[in-house]
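# Coordinate analysis (summary)
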Amino acid sequence: MKFFADTAEIADIRELNEAGLLDGVTTNPSLIAKSGRDFMEVTREICAIVDGPVSAEVVALDHETMMREAEVLRKIADNVCIKVPLTIDGLKTCRALTGDGTMVNVTLCFSANQALLAGKAGATFVSPFVGRHDDNGYDGMELIRDIRLIYDNYDFGTEILVASVRHVVHVLEAARIGADVMTAPPKVITALANHVLTDKGLEGFSSDWAKTGQSILG
Ligand code: E4P
């Protein structure tokens, strides 16, 4: 399963990338607003750090303006992936962009039928939002299971990008189901390394090593 960081914070992106944990990045208008940075500038910076796809989202609601915005965004770098909403105008934009080789992430997906439409529109990625689904009394991971089943039934090439990930159990479940990608805040990705027995084991090894009075570095 590929790991994307769901953030526009450069320091976090650099750190995860250097640890070899990053296959791409997703941003959205709220994350850009939170960063306080200029959209074009921060996206350009992220694209230069990460080799994989970097999602940059259009903000228009109609197909024609989405196409004009996508034209500007895709000039930023070769690894820009245009993010469009799961609406009929968004799907139309998806079809037009993927038709000429541009990567497209269809976002704000909350049902398996919507994911079916994204697959038919030739999306590179579909982003079902599991956290927001859970918040509203639905089972976000059940949605991922349904999409996996449908995409496998019809051999869709669209990758399932599990989004709105809130905690490490979402990541575990996504991997069990066989999602292609998950995007999470950096703190969720680093939390995957945490285990109380790892900490306890390290404490024991460190104190026993101190008793030997030795040093590996001489
Ligand atoms: C995905 O691409 C979105 O940016 C993101 O995962 C939304 O997550 P949220 O529900 O935590 O805002």
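Position numbers for residues start from 1 in each chain and track the written sequence from start to end. Since the coordinates come from a predicted model, pLDDT governs what is reported: local features require at least 70, and pairs of side-chain atoms require 80 or more to be given and counted, while whole-chain, interface and lining totals use all residues.

For the protein chain, an unreviewed UniProt entry supplies the name Probable transaldolase and the organism Tsuneonella aeria. Per UniProt, the protein chain carries the Sequence similarities (unreviewed entry) text "Belongs to the transaldolase family. Type 3B subfamily." UniProt positions are given in the numbering used here, feature names are shortened, and annotations may be inferred rather than shown by experiment. Recorded under Catalytic activity (unreviewed entry), the UniProt text for the protein chain is reproduced unchanged: "D-sedoheptulose 7-phosphate + D-glyceraldehyde 3-phosphate = D-erythrose 4-phosphate + beta-D-fructose 6-phosphate".

A word on the UniProt feature "active site" (unreviewed entry) in the protein chain. Annotation from UniProt places "active site" (unreviewed entry) at Lys-83. Here a residue counts as buried when 20 or more other C-beta atoms fall within 10 Å of its C-beta, as exposed when 12 or fewer do, and as partly exposed in between; the C-beta atoms come from the backbone. Accessibility expressed as a C-beta count within 10 Å gives 26 for Lys-83, which makes it buried. Ignoring sequence-local partners within four residues, the contact set of Lys-83 consists of Ser-55, Ala-56, Glu-57, Val-58, Asn-105 and Thr-107. Contact definition: two residues whose C-beta atoms, as placed from backbone geometry, lie within 7 Å.

Turning our eyes to something else, we now look at the packing of helix H4 (residues 63-73) against helix H5 (residues 88-99). Axes, fitted as lines to C-alpha atoms, cover a helix only where it is in contact. Angles between the N-to-C directions of the axes lie from 0 to 180 degrees. The way it works is that DSSP assigns letters per residue, a run of H or I at least four long becomes a helix, a run of E at least two long becomes a strand, and they are numbered from the N terminus. Where H4 contacts H5, the axes come no closer than 9 Å and their chain directions differ by 45 degrees. Looking at the two axes, H4 sits oblique to H5. Relative to H5, H4 is oriented so that their crossing is right-handed. Residues His-63, Met-66, Met-67 and Ala-70 of H4 lie in contact with H5, whose contacting residues are Asp-89, Gly-90, Lys-92, Thr-93, Ala-96 and Leu-97. When the residues that make up the contact of H4 with H5 are grouped by side-chain class, the tally is five nonpolar, three polar and two charged. Small angles under 35 degrees read as roughly parallel and large ones over 145 as roughly antiparallel, with 65 to 115 read as roughly perpendicular and the rest as oblique. By definition, turning the near helix anticlockwise from the far helix through less than a right angle yields a left-handed crossing, and turning it clockwise yields a right-handed one. Under the convention adopted here, Pro, Cys and the residues Ala, Val, Leu, Ile, Met, Phe, Trp and Tyr are nonpolar, Asp, Glu, Lys and Arg are charged, and Gly plus all remaining residues are polar.

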